[in-house]
Number of protein chains: 4
Amino acid sequence: MCRWGAWIGAPVFLEELLSRPEHSLISQARHATEAKTEINADGFGVAWYDHRPEPGLYRDVFPAWSDPNLTSIAQQIKSPLYLAHVRASTGTATSRNNCHPFAVGCWSFMHNGQFGGFEQFRQQTDARILPPLYPHRKGATDSEALFLLALGEGLEQDPYLAMARAIGWLEEQAEATGTTPYTRCTAAFSDGETLYAVRYASDNFAPSLYHRWCDHRKGRAIVSEPVDVTQSNWKAIPPGSFATFTAETVKILPFEPVRPVQRRVA
Amino acid sequence: MCRWGAWIGAPVFLEELLSRPEHSLISQARHATEAKTEINADGFGVAWYDHRPEPGLYRDVFPAWSDPNLTSIAQQIKSPLYLAHVRASTGTATSRNNCHPFAVGCWSFMHNGQFGGFEQFRQQTDARILPPLYPHRKGATDSEALFLLALGEGLEQDPYLAMARAIGWLEEQAEATGTTPYTRCTAAFSDGETLYAVRYASDNFAPSLYHRWCDHRKGRAIVSEPVDVTQSNWKAIPPGSFATFTAETVKILPFEPVRPVQRRVA
Amino acid sequence: MCRWGAWIGAPVFLEELLSRPEHSLISQARHATEAKTEINADGFGVAWYDHRPEPGLYRDVFPAWSDPNLTSIAQQIKSPLYLAHVRASTGTATSRNNCHPFAVGCWSFMHNGQFGGFEQFRQQTDARILPPLYPHRKGATDSEALFLLALGEGLEQDPYLAMARAIGWLEEQAEATGTTPYTRCTAAFSDGETLYAVRYASDNFAPSLYHRWCDHRKGRAIVSEPVDVTQSNWKAIPPGSFATFTAETVKILPFEPVRPVQRRVA
Amino acid sequence: MCRWGAWIGAPVFLEELLSRPEHSLISQARHATEAKTEINADGFGVAWYDHRPEPGLYRDVFPAWSDPNLTSIAQQIKSPLYLAHVRASTGTATSRNNCHPFAVGCWSFMHNGQFGGFEQFRQQTDARILPPLYPHRKGATDSEALFLLALGEGLEQDPYLAMARAIGWLEEQAEATGTTPYTRCTAAFSDGETLYAVRYASDNFAPSLYHRWCDHRKGRAIVSEPVDVTQSNWKAIPPGSFATFTAETVKILPFEPVRPVQRRVA
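Source: prediction; values computed, not measured.

A. Structural view of the overall build of chain A. Scanning chain A for helices and strands turns up six helices and 13 strands. The C-alpha atoms of chain A give a radius of gyration of 17 Å, which matches the 18 Å a tight globule of 266 residues would have. Taking the principal axes of the C-alpha coordinates as reference, chain A spans close to 50 × 35 × 35 Å. Out of the 266 residues belonging to chain A, those deemed buried represent 64%. Long-range contacts, defined here as pairs at least 24 residues apart, represent 67% of the contacts in chain A between residues at least 6 apart. Accessible surface, chain A as shown: approximately 9,400 Å² in total, 51% of it carbon and sulfur. Distance from the positive charge centre (25 side chains) to the negative charge centre (28 side chains) of chain A: 0 Å.

B. Looking closely at the relation of the copies chain A and chain D. By a simple turn and slide, chain A fits onto chain D: the slide is 0.0 Å along the axis, the RMSD is 0.0 Å, and the turn is 180°. Each copy turns onto its partner about a two-fold axis. Residue I77 of chain A of chain A places its C-alpha closer to the rotation axis than any other residue of that unit, at 4.0 Å. Here 100% of the interface residues in chain A have copies in chain D that are interface residues too; the copies meet face to matching face.

C. Main features of the interface of chain A and chain D. With 24 residues of chain A at the contact, the number on the chain D side is 24 residues. Taken together, both faces of the contact between chain A and chain D bury some 1,800 Å²; the carbon and sulfur share is 43%. The largest contributions to the chain A side of the interface with chain D come from R52, Q76 and R96 of chain A, which together make up 35% of the buried area. Connecting chain A to chain D are six salt bridges. Note that D67 of chain D and R96 of chain A form a salt bridge whose closest N and O atoms lie 2.4 Å from each other.

D. Examining the relation of the copies chain C and chain D more closely. For the pair chain C and chain D, the relating rotation is 180°, the translation along its axis is 0.0 Å, and the fit reaches an RMSD of 0.0 Å. Comparing interface residues between copies, 100% of those in chain C also sit at the interface in chain D, which points to an isologous, same-surface contact.

E. Region of the structure containing the packing of helix α5 (residues 142–152) of chain B against helix α6 (residues 159–177) of chain B. Residues and elements named next belong to chain B. Closest axis-to-axis distance for the α5/α6 pair is 8 Å, and the angle between their directions is 130°. The angle between α5 and α6 falls in the class oblique. The two elements α5 and α6 cross, and the hand of that crossing is right-handed. Across from L146, L149 and A150 in α5, the residues of α6 making contact are A162, M163, A166, I167, W169 and L170. Among the residues forming the contact of α5 with α6, the class breakdown is nine nonpolar, no polar and no charged.

F. The pattern of salt bridges, seen in detail. This structure, assessed with the given rule, holds 64 salt bridges over all chains. Here R52 of chain A makes a salt bridge to E15 of chain D, at a shortest N to O gap of 3.0 Å. One end of the pair, R52 of chain A, is in the loop between β2 (44–49) and β3 (56–60); the other, E15 of chain D, is in helix α1 (residues 15–18), on a second chain. The class for E15 of chain D is buried, based on a relative accessible area of 10%. Each of the salt bridges in this network shares a partner with another, and the network as a whole consists of D60, D67 and R96 of chain A together with D60, D67 and R96 of chain D.

G. Local environment of the interface of chain C and chain D. Each side of the interface is counted separately: chain C has 14 residues, and chain D has 14 residues. Summed over both partners, the interface of chain C with chain D comes to about 1,200 Å²; 42% of that surface belongs to carbon and sulfur atoms. Of all residues in chain C, the largest losses of buried area upon contact with chain D belong to R122, Q123 and Y134 of chain C, amounting jointly to 49% of the total for that side. Linking chain C with chain D are zero salt bridges. Inspection of the chain C/chain D interface yields twelve residue pairs in polar contact (both at pLDDT 80 or more).

H. Structural context of the side chain of H211 of chain C. Within the secondary structure layout, H211 of chain C lies in strand β9 (residues 210–214). A distance of 3.1 Å separates the side chain of H211 of chain C from the side chain of R220 of chain C, its partner in a polar contact.

I. Inspection of the sheet that holds strand β12 (residues 241–245) of chain D at higher detail. Residues and elements named next belong to chain D. Read across the open sheet, the six strands follow the order β5-β6-β7-β8-β12-β13; overall the sheet is antiparallel. Each edge of the open sheet carries a strand with a single partner, namely β5 (102–104) and β13 (250–254). In this sheet, adjacent strand axes meet at a mean angle of 15° when their direction is disregarded. Here β5 runs beside strand β6 (residues 107–115); their pairing, made up of three bridges, is antiparallel. Bridging from a neighbouring strand, F102 pairs with F109 of β6. Strand contacts of helix α5 (residues 142–152): β5, β6 and β7 (183–190), with the helix running at about 125° to β6, the strand carrying the most contacts. Of the strands in this sheet, β6, β7, β8 (195–201), β12 and β13 touch helix α6 (residues 159–177), which is tilted by about 30° from β6.

J. Inspection of the environment of L170 of chain A at higher detail. As for its placement among the helices and strands, L170 of chain A is situated in helix α6 (residues 159–177). Once the C-alpha coordinates of L170 of chain A and Q114 of chain A are considered, the two residues, 56 residues apart in sequence, prove to be 9.9 Å apart.

K. Summary view of the side chain of H111 of chain C. The topology assignment puts H111 of chain C in strand β6 (residues 107–115). Exposure remark for H111 of chain C: the relative accessible area of 1% places this residue in the buried category.

L. Structural detail: the packing of aromatic side chains. Scanning the model with the defined rule gives 52 aromatic pairs over all chains in all. The interplanar angle of 45° and the centroid separation of 6.0 Å between the aromatic rings of Y196 of chain B and F242 of chain B together place this pair among those described as tilted. Of this pair, Y196 of chain B sits in strand β8 (residues 195–201) while F242 of chain B sits in strand β12 (residues 241–245), placing them 46 residues apart in sequence. Measuring from centroid to centroid gives 5.4 Å for F189 of chain D and Y196 of chain D, while their planes differ by 20°, and the two rings are stacked. Among the residues examined, F189 of chain D registers a relative accessible area of 0% and is labelled buried. Y196 of chain D sits in the buried class, given a relative accessible area of 10%. An aromatic cluster of at least three residues, connected via ring pairs, comprises W107, F109, F147, Y160, F189, Y196, Y200, F242 and F255 of chain A. The ring of F13 of chain C carries K78 of chain C above its face, with NZ or CZ at 5.1 Å from the centroid. Taking NZ or CZ as reference, R52 of chain D lies 4.0 Å from the ring centre of F13 of chain A, over its face.

M. Molecular detail of the pairing of strand β8 (residues 195–201) of chain A. All names here are of chain A. Along β8, seven of the seven residues are buried, which leaves the element largely enclosed by surrounding structure. Residues L195, A197, R199 and A201 line one face of β8 and the alternating positions Y196, V198 and Y200 line the opposite face, and both faces are buried. Pairing analysis gives seven bridges linking strand β7 (residues 183–190) to β8, with the strands arranged antiparallel. Its bridge partner lying in β8, T186 is registered against R199. Relative to strand β12 (residues 241–245), β8 runs antiparallel, the two being bridged by five bridges. Bridging from a neighbouring strand, L195 pairs with F245 of β12.

N. View of the sheet that holds strand β7 (residues 183–190) of chain B. All names here are of chain B. Taken in spatial order, the six strands make up an open sheet running β5-β6-β7-β8-β12-β13, and their pairing is antiparallel. Whereas interior strands pair on both sides, the edge strands pair on one side only; in this sheet they are β5 (102–104) and β13 (250–254). Across the sheet, the mean angle separating the axes of adjacent strands is 15° when strand polarity is ignored. Where strand β6 (residues 107–115) meets β7, eight bridges bridge the pair, whose relative direction is antiparallel. Within β7, the residue paired with N112 across the bridge is T186. Across the sheet, α5 lies against β5, β6 and β7, angled at about 125° from β6, the strand it touches most.

O. Seen up close, the environment of R30 of chain D. Looking at the secondary structure, you find R30 of chain D in helix α2 (residues 25–31). Looking at R30 of chain D, the relative accessible area reads 29%, which means it is partly exposed. Distance from R30 of chain D to N40 of chain D, taken between C-alpha atoms, is 6.3 Å for residues ten residues apart in sequence. Apart from residues no more than four positions distant in its own chain, R30 of chain D is found in contact with I39 of chain B together with E38, I39 and W65 of chain D.

Cut-offs and rules
Residues numbered from 1 in each chain as written. Chains lettered and ligands numbered in written order. Predicted model: local features only at pLDDT ≥ 70, side-chain atom pairs only at ≥ 80, totals over all residues. Heavy atoms only, no water. Helix = DSSP H or I, 4+ residues; strand = E, 2+ residues; numbered from the N terminus. Rg over C-alpha atoms; globule rule 2.2 N^0.38 Å. Buried < 20%, exposed > 50% of the residue type's maximum accessible area, 1.4 Å probe, protein only. Contact = heavy atoms within 4.5 Å. Areas by Shrake-Rupley, 256 points an atom, 1.4 Å probe, with all protein chains shown as cover. Lys, Arg positive; Asp, Glu negative; His and termini not counted. Charge placed at Lys NZ, Arg CZ, Asp CG, Glu CD. Least-squares fit on C-alpha atoms with pLDDT ≥ 70 in both. Buried area = accessible area lost by both parts, 1.4 Å probe. Salt bridge = Lys/Arg side-chain N within 4 Å of Asp/Glu carboxyl O. Axes fitted to C-alpha atoms, helices over the stretch in contact; angles between N-to-C directions. Parallel < 35°, antiparallel > 145°, perpendicular 65-115°, else oblique. Left-handed = near helix turned anticlockwise from the far one by under 90°. Nonpolar A, V, L, I, M, F, W, Y, C, P; charged D, E, K, R; others polar. Polar contact = N/O pair within 3.5 Å; in protein donor to acceptor, adjacent residues only side chain to side chain. Pairing = 2+ DSSP bridges. Phe/Tyr/Trp six-rings, centres within 6.5 Å; stacked < 30°, edge-to-face > 60°. Lys NZ or Arg CZ within 6 Å of the ring centre and 35° of its normal.

As structure tokens, then:
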């Protein structure tokens, strides 16, 4: 289980979520309080939008607190929209290819959670990825697979429906293995314009998710765990939600996975 | 294209192929002479047999010449059978999961070569891997896939036939993409008892392969390129060969890929 | 503050301390119980003696639990005398050059502890290292400096006195900075024949140190923290001790740093 | 011997020197043509100025061509003044701390060259670094030492004189060892406003240095080797030169090291 944070609004330095606050993502890498695993030392990553439609991507396998490159990048890069992640592996190797966020074209994606028994249906999942997207399948995580499945289900056209279908299909596979919990998922993703987040679990323990408008910095933070100690003004997003953020607006809808009527033949 | 060497016989230090000779693998990483690419700086690895049936495995993504861990390990570890490899990526990422040798159970495998247009049929290849072997599919290379396909075709029961079928199937896919050369392949693999090597290409340019008995050290080296400058006494293994080495014996058979009569359904 | 373990006796796999026991060093990297810092994720290392007088050395900057190379090496290498270490940085960079153990010639050394205000007298310390040893000064830690100072004070001729002088000199510098605690130190070192350990602090909080004879494996483990959960039969070595271990014998003497009568001119 | 490039002028993407041109720094990492060593695979780094007085710093130990983080950063970050470097180690370890550029406060520095017999007088060099600067001595290279010595000689107040004194002192030490060539040096450095470069050797083989105004991009590139194949319009800076660049101006003065009248006591 991992910790993540995202920002949308006026351009701010990446350090605003990564390293400056008392309970920043980098300090959460050492001492998460709302996560299942306290230590998130199996890599980190950040995707940010700035001069181009495609996000920049910096990921590595070290603990986030010990990487001077990350510290420097966080102090130097300003962005109106970024995603940042610290990883606690649930089994797959510590490899840059398995670090979040993932990026394809102008889309970026990061995830905290798991699908029950994933290793038992990883091969079927890989077979279900749309062929033109398969070159982007570089690692072995369920997270990267979820992103590629969602892209294949039409993430660009209908983010809600695409994510509902992708999660629905994976949950169906998890159920077939009988490994509970079938789904625990808090994900954030963006096309560089709009920021989306989903909070969902097949049981009563959806990973936490919060957002807060910052009047001082003119933007909104969306986080798996508040990044300050006082935790004031953070609003919890309820389990079973799909949230859509622009710089000015928030829209939160109920979220349910959609089961595929019929599986495509791999 | 990569450079590799293997040893079978009396136990010797890994450095006998890796670092001691004038034209050792580590020096070939900087200046290969018979390879398509002169620099092999995209990682390295060594698999050795010693106290256990399973090989030890040390792989990393640095240039072989700059890793003090490799130098130390090569000076310290003695083995009667080992495989060592320096990598020049043909496109896939520099990641430990993509470094050779690969190991499954007591088998180890390394490879120099390529299958034409592999990225276009990587998804089909992944789907063809036998499900119980899929947890070992950790990277994205054609080399790891070839190894897992061969294991699925019965590498333990009939190494020749299994390798002929695995290469045959991959060559068939390459032909379907129309990307020449379809196959260039020099591979070595072992179960810890016997050392096998195959040299094959679909055209007239099979990557080089040599072997030499060392009376002084009581063993045999099998290499993609001689590890000394004088190159005396090295015997070239002809293109289209399947070689079987024990400590005392050498058997070289003509090798042809075998096309699958019918594809298994993934 | 770090965690470490050493072995002397009949050859055993490195995994006997590193990964097999319930509370092994690798599990202590995640959850140390007697250390000041719970997480030791800033690198690891192992030095082992086998076929040569010089130790083998494998060190890297990842968390010990996420390095498959370490797992493989620990399962494959047998040694009658080895030192293993997981690191929690007290400030210096996460770099291989700063990972323990350190090795010079046939000597190896590892350390848990600190000298108060070291960064303020690092330059003087570097100047005090004996010139022929300066090529071995590759990092910036107090630990590497302590080792090189002790070698310069005659570690080969009189390990007790050399270590007492090296610690004494560093403690004197720490006192001059006024930064308490001046010295906290638990170190282990070896020439490949005998294993030495020192436990000392300038205050009442010397880092913990234990040893235990294992009748089953015919050897002795010396550890900063017991590697099993029951912790039976571990003997604590008292603060202010210098211990000398051979395969069969244990000698524990009271230890006091020795202040240099006069400083050598750098 | 290494390859480097710097830019001053209108903001451009880092890729303008790093990866876009045919003979970019990243391609020079594989195939330098004017360097003593053809392969520069022992790390890379970039220092850029953007939102803050202090430069951003991204350095790593991989070959520049195999790091997707570098590729992404080069495509995303725009800067009016940056320094980029690919490294071929002349002996010191491949460690991030030994990668160029180095940065202290708002200054950045990178270097191609060597001082004869440096390892023999590294300890004296370390002792000569001004104590308040010693915390920045993190590696073991002559390059980092040259930078810190120059800062101690007043780089901020008089860049020419400070560099002349620092090189002069190091050259004096090299002469004492009798190891020729005493000095080969092409360095670039900046305070974020002005870009300086020095080309100097104690013999007739000063490493190459060029500059070119780019009318299209409104800025000037300063490089150890032209980054395009046609090499048109590049002006060679003569050996024994100290160059000062602003966005609009170029000033080239003859350069001679200055010997210290009297050594400070370490």
